[in-house]
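Coordinate inspection notes
The primary structure of each chain is shown beneath.
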Amino acid sequence: MMSKKCRDIESLLSAYLENDLLKEESENVSIHLDGCSACLAKKEKIEEIILKLSDLQEEVPFFLKNRLLNIPDMIEKKKPARLLFFPKWLAAAVGTIILFLNLFYFTNIFPPVNREVHSLVSSIEKFFVKTGGWFEKVKESKELLFFTFFNKKSLELKEDKASQPIANEKDFVKGGRNG
Amino acid sequence: MEATEILARCKNGDHEAWNMMINSYSKSVYNIALNFFAERDIAQDVTQEIFIKIYHNLDKFREEKSFSSWVFTISRNYCIDYWRKNKKYLVNTQELDEKISVGKPSPEENLLNESEIEKLRKTISQLEPELRLILILRDIQDLSYQEIAKKFSVPEGTVKSRINRARLKLAEAFLREE
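None of the values given here were measured: they were computed from a predicted structure.

Some details on the overall build of chain A
- A tally of regular secondary structure across chain A gives 9 helices and 0 strands.
- The helix and strand sequence of chain A, counted from the amino end, reads α-α-α-α-α-α-α-α-α.
- Taking all 179 residues of chain A together, the buried fraction comes to 18%.
- Contacts spanning at least 24 positions in sequence make up 32% of the contacts within chain A whose residues lie at least 6 apart.
- Of the accessible surface of chain A, which amounts to about 14800 Å², a share of 63% is contributed by carbon and sulfur atoms.

Focus on the overall build of chain B
- The secondary structure content of chain B amounts to 10 helices and 0 strands.
- The buried share among the 178 residues of chain B stands at 47%.
- Sequence-distant contacts in chain B: of pairs separated by 6 or more residues, those separated by 24 or more amount to 64%.
- Accessible area for chain B stands at about 9300 Å²; split by element, carbon and sulfur atoms hold 48% of it.

Let's talk about the interface of chain A and chain B
- Contacts between the two partners involve 35 residues from chain A and, on the opposite side, 42 residues from chain B.
- Both sides together, the interface formed by chain A and chain B hides about 3600 Å², and carbon and sulfur atoms give 62% of it.
- Ranking the residues of chain A by area buried against chain B places Leu53(A), Leu56(A) and Glu58(A) at the top, with a combined share of 18%.
- At the junction of chain A and chain B, the tally comes to 9 salt bridges.
- In this structure, Glu116(B) engages Lys52(A) in a salt bridge whose closest nitrogen and oxygen atoms are separated by 3.1 Å.
- Between chain A and chain B we count 20 residue pairs in polar contact (both at pLDDT 80 or more) in total.
- Elements with a minimum of two residues in the side of chain A that touches chain B: α2 (13-17), α4 (37-53), α5 (62-69) and α6 (71-78) of chain A.

Points about the confidence of the model for chain B
Residue and element names in this part refer to chain B.
- Counting all residues, the mean pLDDT for chain B is 84, and 87% of those residues have values of 70 or more.
- Least confident of the elements in chain B is helix α6 (residues 107-111), whose mean pLDDT is 45; most confident is helix α3 (residues 40-56), at 94.
- Scored below 50 in pLDDT, residues 100-112 makes 2 contacts in the model with residues more than four places away or belonging to other chains.
- Two summary scores accompany this predicted model of the complex, namely pTM at 0.65 and ipTM at 0.81.

Brief notes about the nonpolar core
- By size, the foremost hydrophobic cluster in this structure holds 77 residues, and its most contacted members are Met21(B), Phe51(B) and Ile124(B).
- Ranked by the residues each element gives to this core, the list is headed by helix α2 (residues 15-37) of chain B, at 12 residues.
- With near-sequence residues (within four places) excluded, Phe51(B) lies in contact with Leu68(A), Ile71(A), Trp18(B), Ile22(B), Tyr25(B), Ser26(B) and Val29(B).

Comments concerning the side chain of Lys151(B)
Residues and elements named next belong to chain B.
- With respect to the element layout, Lys151 can be found in helix α9 (residues 145-152).
- The side chain of Lys151 is buried and forms no salt bridge, while Glu147, the nearest opposite charge, is found at 6.4 Å.
- The residues touching Lys151, leaving out its near neighbours within four places in the chain, are Ser68, Ser69, Phe72, Leu137 and Leu143.

Section: a nonpolar patch on the surface
Residues and elements named next belong to chain A.
- A cluster of nonpolar residues, Ile97, Leu101, Leu120, Ile124, Phe127 and Phe128, forms a patch on the protein surface that exposes about 590 Å² of accessible area.
- Here the nonpolar patch gets 4 residues from one element, more than from any other, and that element is helix α8 (residues 111-163).
- For Ile97, the location among the structural elements is in helix α7 (residues 88-106).
- With a relative accessible area of 51%, Ile97 lands in the exposed category.

Points about the pattern of salt bridges
- Taken as a whole and assessed by the stated rule, the structure comprises 22 salt bridges over all chains.
- Lys43(A) is the partner of Glu47(A) in a salt bridge, and the nearest nitrogen-oxygen pair spans 3.5 Å. Taken together, the positions of Glu47(A) and Lys43(A), both in helix α4 and 4 residues apart, correspond to about one turn of that helix.
- Taking the relative accessible area as the measure of exposure, Glu47(A) reaches 35% and is therefore partly exposed.
- In this structure Lys43(A) comes out as buried when scored by relative accessible area, which is 15%.
- The shortest N-O distance in the salt bridge between Arg9(B) and Asp14(B) comes to 2.8 Å.
- Asp14(B) sits in the partly exposed class, given a relative accessible area of 24%.
- Several salt bridges share partner residues, and in doing so they unite Glu18(A), Arg138(B), Asp139(B) and Arg167(B) into one network.

Conventions used here
Residue positions are given per chain, counting from 1 as you read along its sequence in written order. Chains and ligands are labelled sequentially in the order written, the chains with letters from A and the ligands with numbers from 1. Local features are withheld for residues below a pLDDT of 70 in this predicted model, meaning they are given only at 70 or higher, and side-chain atom pairs are given and counted only at 80 or more; totals for whole chains, interfaces and linings count all residues. Based on all heavy atoms of the structure, the side-chain values leave hydrogens and waters out of the count. Secondary structure elements are taken from DSSP: a helix is a run of H or I of four residues or more, a strand is a run of E of two residues or more, and numbering for both begins at the N terminus. Note on classification: 1.4 Å probe, protein chains only; a residue is buried when its accessible area is under 20% of the maximum for its type, exposed when over 50%, partly exposed between these limits. We call two residues in contact when some of their heavy atoms are within 4.5 Å. Accessibility throughout is a Shrake-Rupley quantity obtained with a 1.4 Å probe, and a residue counts as covered only by protein chains that appear here. Buried area is a sum: the accessible area each of two parts loses on coming together, probed at 1.4 Å, counted once for each and added. Salt bridges are defined as contacts in which a side-chain nitrogen from Lys or Arg sits within 4 Å of a carboxyl oxygen from Asp or Glu. Here a polar contact means two N or O atoms within 3.5 Å. Within protein one must be a hydrogen donor candidate and the other an acceptor candidate, and residues neighboring in sequence count only if both atoms are side-chain atoms. A score from 0 to 100, pLDDT tells how confident the predictor is in each residue. Here, nonpolar core refers to any group of buried Ala, Val, Leu, Ile, Met, Phe, Trp, Tyr and Cys residues whose side-chain atoms link them within 4.5 Å. Here the positive residues are Lys and Arg and the negative ones are Asp and Glu; neither His nor the chain ends is included. Excluding any residue in a salt bridge, patches collect residues exceeding 30% relative accessible area, merging like charges within 9 Å and nonpolar Val, Leu, Ile, Met, Phe, Trp and Tyr side chains within 5 Å.

Next comes the structure, spelled out in structure tokens:
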């Protein structure tokens, strides 16, 4: 069983070894160590361990150093390409607005708001119908233009072919490849 | 070049600055991990993860704090977290290693200083995580009590008493074996 004196001395061992005690305290420890083999053994073991601990420092292995040096490249490669800058707060705001609009559109909690939302939706629909019609018209006129242009070209080609003399009359005599 | 300058250049994606940072801090981080876990493979993986974390958090570093303290805080937190998550597995492997070494005493191995170092590391890894870290900084990395106190944000007296406790525990463990 360890005495109180031994416990007190133990708590001072590191400071004693590092000359961090007052002269009087240091002398008390020395006197105790002369008469207590258990504390002396601990003190000697600590001295031995401190010496050995300084040998535990190691150099970083070269392959690990290479791995560490490549961290920026490794992380940059893993990052997905950012196509569009769309901040999170903006996404959250847009999402919330859409959610509220849906709520007011499908429920009749606030009738005036509901009416407003419905009229807004109908005006958007009208706009789409109008622009849709306009797009259709543009598309049609575009097709018409293409058709006229290409048709004209193909007609010209046909006319050219018709005006050329028949290259090999024998083909007609033989009645073509299949006779 | 100052640490703050290296850091500023790292934030701007300067590879040369990152290389400087690795050259300055990798040894210290690796030795913390190696002596904390007493396993080379784990220490290497942990060191890599710590630097990945540092790279990701470069923007979060505030210049009023010392950069080495910031690196140490990340290393300490990562080591303790890893230890807590894998405690069961880590303790089992250590016990297994001890059984193997007891079962196969090789006289050649006993003569090697390397085995003594490994034994010392294994004993350190059985201390409480905080004691382990303080001991690594003081007796392996040779930091002053003042520097350690700053890193742990505790009074110098607390560091001294913890160091003494860690050394005593190690000494008792070795004396029990003799």
